[in-house]
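Below are the chains, spelled out letter by letter.
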Amino acid sequence: GMAYERRNPLRDLVEPVMAALVEAGCESPSFHVRQDARLRLCLFRRESNHSTLDRVHAGDLLPLDRGAAGRVILAFDGAEGEAFEAVRVAGHACSLGERDPECAGLAAPVFGPHRRLIGALSLSGPRERFNAENVVAMRAHLLPAAAGLSVALGG
């Protein structure tokens, strides 16, 4: 694992971005990648400074077809349909209670060279804190963070 991390800068690039999102007052950030046709893997996670019911940990496998990060991964990895086209046009996805009725999430894609999807940077927490005003405020931090990661990764 250490040999892989020496050759792959992903952790070194993602962790500071997630720390900055927490410092900006956002909900808990995570970075997800596609595991297979049905699942996504949470590679990195940082808890927010807010109380949270969202129980996601690095190493967790989560459904690809539910939640903002899953929808972003599917949309930018070629899934067809109006819902995925809407995510591609918006450049992000918001999920309110899809994976867990008490939780919500907001996610944006992170790309590498040749606009190849690397994964999804997401913010998640209690659903009641994902009102329209808070989603707009978090999106203002999340989208530039995901774009900055994409640039750092050659996207």
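Our subject is the structure that appears above.
Here the structure is a predicted model, which means the values were calculated and not measured. (Residues numbered from 1 in each chain as written. Predicted model: local features only at pLDDT ≥ 70, side-chain atom pairs only at ≥ 80, totals over all residues. Heavy atoms only, no water.)

Novice: Even after reading the chapter, I still don't get the overall build of the protein chain, so can you show me in this structure?
Specialist: Assigned secondary structure in the protein chain consists of five helices and six strands. Helices (α) and strands (β) of the protein chain occur, in sequence order from the N terminus, as α-α-β-β-β-α-α-β-β-β-α. Against the globule reference of 15 Å for 155 residues, the protein chain gives a C-alpha radius of gyration of 14 Å, in line with a compact fold. Dimensions of the protein chain along its principal axes, counting C-alpha atoms only, are 40 × 35 × 25 Å. Taken over 155 residues, the protein chain has a buried fraction of 46%. (Helix = DSSP H or I, 4+ residues; strand = E, 2+ residues; numbered from the N terminus. Rg over C-alpha atoms; globule rule 2.2 N^0.38 Å. Buried < 20%, exposed > 50% of the residue type's maximum accessible area, 1.4 Å probe, protein only.)

Novice: Where do I start with the sheet that holds strand 2 (residues 39-45) in this structure?
Specialist: Across a sheet, strands are paired by hydrogen bonds formed along the backbone, either parallel or antiparallel in direction. An order of 3-2-1-6-5-4 is seen for the six strands of this open sheet, with the pairing classed as antiparallel. Of all strands in the sheet, those with a lone pairing partner are strand 3 (61-63) and strand 4 (93-96), marking the two edges. Strand after strand, the sheet turns through a mean of 35° between neighbouring axes, direction not considered. Both strand 4 and strand 5 (residues 103-111) contribute to a ladder of four bridges, which runs antiparallel. Bridged to A93 within strand 5 is A107. Running at roughly 25° to strand 5, helix 5 (residues 132-152) makes contact with strand 4, strand 5 and strand 6 (117-126) of the sheet. (Pairing = 2+ DSSP bridges. Axes fitted to C-alpha atoms, helices over the stretch in contact; angles between N-to-C directions. Contact = heavy atoms within 4.5 Å.)

Novice: Would you explain the packing of aromatic side chains in this entry?
Specialist: Any aromatic ring pair is given by two values, namely how distant the centres are and how the planes are angled relative to each other. Under the criterion given, the structure shown has two aromatic pairs. Ring centres of F31 and F44 lie 6.2 Å apart, and the angle between their planes is 35°; on these two criteria the pair is classed as tilted. With F31 in strand 1 (residues 28-34) and F44 in strand 2, this pair connects stretches of sequence that are 13 residues apart. When the ring of F76 is compared with that of F111, the centres are 5.6 Å apart and the planes differ by 75°; the resulting orientation is edge-to-face. With a gap of 35 residues between them, F76 in helix 3 (residues 68-76) and F111 in strand 5 connect regions that are remote in the sequence. For the pair F76 and F111, one class covers both residues: buried. (Phe/Tyr/Trp six-rings, centres within 6.5 Å; stacked < 30°, edge-to-face > 60°.)

Novice: Could you clarify how one ought to interpret the pattern of salt bridges in this entry?
Specialist: Two side chains of opposite charge can pair, provided their charged atoms sit close to one another. Under the defined criterion, the tally for this structure stands at eight salt bridges. One salt bridge in this structure joins R129 and E27, with 2.6 Å as the shortest N-O distance. Taken together, the positions of R129 in the loop between strand 6 and helix 5 and E27 in the loop between helix 2 (10-23) and strand 1 put the pair 102 residues apart, joining distant regions of the chain. Here R88 makes a salt bridge to E85, at a shortest N to O gap of 3.2 Å. In this pair, R88 and E85 are both assigned in helix 4 (residues 82-90), three residues apart and thus about one turn of the helix distant. Accessibility expressed as a relative area gives 25% for R88, which makes it partly exposed. A relative accessible area of 40% means that E85 is categorised as partly exposed. Among the charged side chains, a network of salt bridges with common partners joins R11, E15 and R46. (Salt bridge = Lys/Arg side-chain N within 4 Å of Asp/Glu carboxyl O.)

So far we have only geometry, and geometry alone does not tell us how the molecule works.
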